[in-house]
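One-letter residues, chain by chain:
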Amino acid sequence: MTTGKMNAAIMDKPLSIEVQQVDIPTPGDHEALVRVHCIGVCGSDVHYYEHGKIGRYVVNEPIILGHELAGEVVQVGKLVTNVTVGDRVAVEPGVTCGRCDYCKCGRYNLCPDVVFLATPPVNGAWADYIVMPSDYLFKLPEGMSYETGALLEPLSVGFHAMLRGQAKPFDRLLVTGLGPIGLLAGQAAKLFGITEIYGTDTVAYRRELALEMGFTAVFDPATEPVGERLETLTGGAGITLIVESSGNGRAMNDAVKLVRRGGRIVFVGLPATDTVPMDMGALIDAEIDAYGVFRYANTYPAAIQALQRSTVDIEKIITHRYSLADIQEAVETARTRKDTSIKVMIYPNHRSINS
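Residues numbered from 1 in each chain as written. Predicted model: local features only at pLDDT ≥ 70, side-chain atom pairs only at ≥ 80, totals over all residues. Heavy atoms only, no water.

## Section: the environment of Asp113
Position of Asp113 relative to the elements: it lies in the loop between helix H2 (101-104) and strand E10 (115-116). C-alpha of Asp113 to C-alpha of Thr96: the two residues are 17 residues apart in sequence and 6.3 Å apart in space. Other than its neighbours up to four places away in sequence, Asp113 contacts Val95 and Cys97. (Helix = DSSP H or I, 4+ residues; strand = E, 2+ residues; numbered from the N terminus. Contact = heavy atoms within 4.5 Å.)

Now the structure itself:
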């Protein structure tokens, strides 16, 4: 049995975070204790760190952030049967009620009673260990790294976007916004057989990385006529599917103009304001299907299976690595170096790492 103290990164107020000693949690009958190997810094973590809130979720007391993780099972409850000590696992961070209509029909991401890691007041996993219900642990196959396991969480958003958008191998995809979610949406598209993938972003480094990750072509929407370029590159056939991941109001409205008649748009990025102008006449006239995405559902086993049998490398988005001891520097890198950082990965059980 693992007992005693562990290191955890505690945020007590905006822009203030430090590693402290807390009790190692004890798993219940249906839970497992996982030693965290690596855990990503998400945009939501940065937002809580910088502003202390996201919408109605407010940090009113010290909190541990972090929800993109993988690790090793070191202890299991007496009723756990799906994992054993020593298993390498990815952790799905949202625990749902399992009883409501949304859970029962398979859309558990819409469960009104979901308990999601690092969403106030729930603690996350920027720590040496975490306890989770074993149903939310997914074994990593041999040869799949912990890093890929941790990235299954943001990949799942892109994977879910493909499912929502009814992606087909013959689609011509445009991804607007090439941050971690946009880049991984492009990789998810490959898992669905899509080979013609375009992207837009105003940051040169992100466009360059997208090309390295196999995007067909990328554009700067601030300086290039994206519509004209797409018309030429697709031979006039047009874009059949758009994943809008930037949350930029103009990009959201432009998506209606960039997708072909009868096409589909999946809105992933959250805008800064609740209301975004939209050319509804154009959307209706072109019979465009529009979908929203909120997290994901039933993606982990499917994504693991698809990745295991593909050459897709999602780890290319990891640009910086830090130990938990350097948590302040890690989060500041994600917050202030958006032109050169994509995914910052933290390693709780490593005492020093070169970033």
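## Some remarks on the sheet that holds strand E1 (residues 5-13)
Spatially, 3 strands are ordered E2-E1-E6 in an open sheet, and the strand pairing comes out antiparallel. Of all the strands in the sheet, just strand E2 (16-23) and strand E6 (63-64) have a single pairing partner and so form its edges. When E1 meets E6, the two strands line up antiparallel, connected through 2 bridges. For Ile10, the partnering residue across the bridge sits in E6 and is Ile64. (Pairing = 2+ DSSP bridges.)

## Here's the deal with the domain arrangement of the chain
Partitioning the chain into structural domains gives domain 1 (5-139 + 314-347) and domain 2 (155-292). One C-alpha centre belongs to domain 1, the other to domain 2; they are set 29 Å apart. Each partner contributes residues to the interface: domain 1 has 11 residues there, and domain 2 has 15 residues. For the domain 1 and domain 2 pair, buried surface summed over both sides reaches about 1000 Å², with 72% attributable to carbon and sulfur atoms. Taken together, domain 1 and domain 2 are joined by 0 residue pairs in polar contact (both at pLDDT 80 or more). Here the side of domain 1 that touches domain 2 is built from residues that sort into 3 nonpolar, 3 polar and 5 charged. (Domains from an automatic or database assignment. Buried area = accessible area lost by both parts, 1.4 Å probe. Polar contact = N/O pair within 3.5 Å; in protein donor to acceptor, adjacent residues only side chain to side chain. Nonpolar A, V, L, I, M, F, W, Y, C, P; charged D, E, K, R; others polar.)

## Details of the state of the cysteines
Within the structure shown, the criterion is met by 0 disulfides. Cys97 provides the cysteine sulfur closest to Cys111, a residue in no disulfide bond, and the two sulfurs are 3.7 Å apart. Looking at Cys111, the relative accessible area reads 4%, which means it is buried. (Disulfide = S-S within 2.5 Å. Buried < 20%, exposed > 50% of the residue type's maximum accessible area, 1.4 Å probe, protein only.)

## So, the nonpolar core
With 52 residues, the main nonpolar core has Leu152, Met162, Leu173 and Leu183 as its most contacted residues. Looking at this core, the elements with two or more residues in it are helix H3 (146-164), strand E13 (172-176), helix H4 (180-191), helix H5 (204-212), strand E16 (239-244), helix H9 (300-308) and strand E20 (343-347). It is H3 that contributes the most residues to this core, 9 residues altogether. Summarising the domain contributions, this core has at least three residues from each of domain 1 (5-139 + 314-347) and domain 2 (155-292). With residues near it in sequence (within four places) discarded, Leu183 still touches Leu178, Arg206, Leu209, Ala210, Met213, Phe215, Ile317 and Ile342. (Core = buried A, V, L, I, M, F, W, Y, C linked by side-chain atoms within 4.5 Å.)

## Description of the packing of aromatic side chains
If you walk through the whole model with that rule in mind, you get 4 aromatic pairs. With centroids separated by 6.1 Å and ring planes inclined at 55°, the aromatic side chains of Tyr296 and Tyr300 adopt a geometry described as tilted. A residue is classified by how much of its surface remains accessible, and Tyr300, at 0% relative accessible area, is buried. Ring pairs connect the aromatic residues Phe138, Tyr296 and Tyr300, which therefore count as one cluster. Stacked on the ring of Tyr146, the Lys or Arg Arg88 has its end atom at 4.8 Å from the ring centre. Arg295 extends its terminal NZ or CZ atom over the ring of Phe116, reaching a point 3.7 Å from the ring centre. (Phe/Tyr/Trp six-rings, centres within 6.5 Å; stacked < 30°, edge-to-face > 60°. Lys NZ or Arg CZ within 6 Å of the ring centre and 35° of its normal.)

## Overview of the pairing of strand E19 (residues 318-323)
Each regular strand displays side chains that alternate between the two surfaces of the sheet. Of all 6 residues in E19, 5 are buried; the element is thus mostly enclosed. As judged from the 5 bridges shared by E19 and E20, these two strands associate in the parallel manner. If you follow Tyr322 over to E20, its bridge partner there is Ile346. In this fold, the crossover linking E19 to E20 by way of helix H10 (residues 327-336) has right-handed handedness. (Right-handed = clockwise from strand over helix to strand, strands pointing away.)

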